[in-house]
Amino acid sequence: MPTDEENSSTNQRAKTFAEKAVREPLLQFMAIALVLFTANHFIRGDNVELSSERISISEGRVQQIAESYRLLAGRLPSRAELQGLVNDFADEEIAYREAVAMGLDADDTIVRRRMRQKLEFLAEDAEASEEPTDDQLAAWLAAHAAEYQLPERISFRHVMVSTDARGHRAKGDAEALLGRLRAGANPTKLGDPSMLPSALPLTTQKGVATLFGEAFASAVFACAEEGWFGPVSSPLGAHLVVILSREPARDPELADIRGRLRSDWIEARRRQRREQFWVGLRQRYDITVEWPEIYADQRPADLARAGKTSEATDARGQ
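Not measured: the values here are computed from a predicted model.

Reading the values: rules and limits
Residues numbered from 1 in each chain as written. Predicted model: local features only at pLDDT ≥ 70, side-chain atom pairs only at ≥ 80, totals over all residues. Heavy atoms only, no water. Pairing = 2+ DSSP bridges. Helix = DSSP H or I, 4+ residues; strand = E, 2+ residues; numbered from the N terminus. Axes fitted to C-alpha atoms, helices over the stretch in contact; angles between N-to-C directions. Contact = heavy atoms within 4.5 Å. pLDDT = per-residue confidence, 0-100. Buried < 20%, exposed > 50% of the residue type's maximum accessible area, 1.4 Å probe, protein only. Polar contact = N/O pair within 3.5 Å; in protein donor to acceptor, adjacent residues only side chain to side chain.

### Side note on the sheet that holds strand β4 (residues 237-247)
Part 1 of the reasoning: Read across the open sheet, the 4 strands follow the order β2-β1-β4-β3; overall the sheet is antiparallel. Single-partner strands in this sheet number two, and they are β2 (199-204) and β3 (228-234). Direction aside, the axes of adjacent strands within the sheet are offset by 40° on average.
Part 2 of the reasoning: Examined bridge by bridge, strand β1 (residues 153-162) and β4 share 10 bridges and lie antiparallel to one another. Among the inter-strand pairings, M160 is bridged to a residue of β4, identified as H239.
Part 3 of the reasoning: On the sheet, helix α9 (residues 170-182) packs against β1, β3 and β4 and is oriented at approximately 155° with respect to β3.
Part 4 of the reasoning: On the sheet, helix α10 (residues 205-212) packs against β1, β2, β3 and β4 and is oriented at approximately 135° with respect to β2.

Okay, structure coming up:
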């Protein structure tokens, strides 16, 4: 027969376990969900009865599920795998209906954005995604020539004098090496070792800046001298540079950038369809805005959106 001390110890352990369980986040979440579900049941009644609700999964939907699996796995699913995927789809449909019935979709930013995205996809019909003709691409290129201009490129060789290796002597040593290079010395025998390439093929200013820094790239592209010049500073040291060749900026041929033109043209069409869709949709709604007190007296021009928009403030803003 248990003693009073054993009973007290058992009760203490049970109390400790209960306290830990109450603090468990998962248990707290389940309790909140149960309260919400019960409240929804009494307030709204039985909106969904799974025993009487019908979920019909069409042959087309099953084929779509199988095709999605094929795109991911590289093969069609087996009968058992497809059954599992169809079961998952049915479970997802049940969960969606239950969540909507409980009002869990309300005020959910992610759900709202996803629904807006799907609506815009519907607005961007096949007309907006049609393949452009060469004439259409040529007209697009002519209208946006500046956006597609190929930038100037140069190729050059350099000799680096490292500030890490030479400290304050780097600039003076670089100037001495410049005289030797101009006199015909072999550049491969001069300078300090570096992980940077000793010569670059035709490269844009942006490409040069990626390796040598913005200041170096700007100075090199601005130089019109022939032969060796410098020193030109970079984060690694002082550089003596000779331009090997220069290709000026030029307008591209359509064939050179057909892929980019096609993508931009299609995206512009889709954007235009979206904008037209929203303009028409907003005109169907009377939008009233209740501005917070700190914004009540502000009327920036860009607050007005397309469509029939009216403004209202609460009593505090009047």
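### Focus on the confidence of the model for the chain
Part 1 of the reasoning: Summary statistics for the chain give a mean pLDDT of 76 and a share of 71% for residues scoring 70 or more.
Part 2 of the reasoning: Low pLDDT, under 50, characterises residues 32-52; the stretch is placed with 19 contacts to residues that sit more than four places away or in other chains.

### Re the side chain of S155
Part 1 of the reasoning: With respect to the secondary-structure elements, S155 resides in strand β1.
Part 2 of the reasoning: Overall, the relative accessible area of 7% leaves S155 in the buried class.
Part 3 of the reasoning: A polar contact is formed between the side chain of S155 and the side chain of S245, at a distance of 2.6 Å.
Part 4 of the reasoning: For S155, the residues in contact, after removing those within four places along its chain, are L200, P201, L202, V242, I243, L244 and S245.

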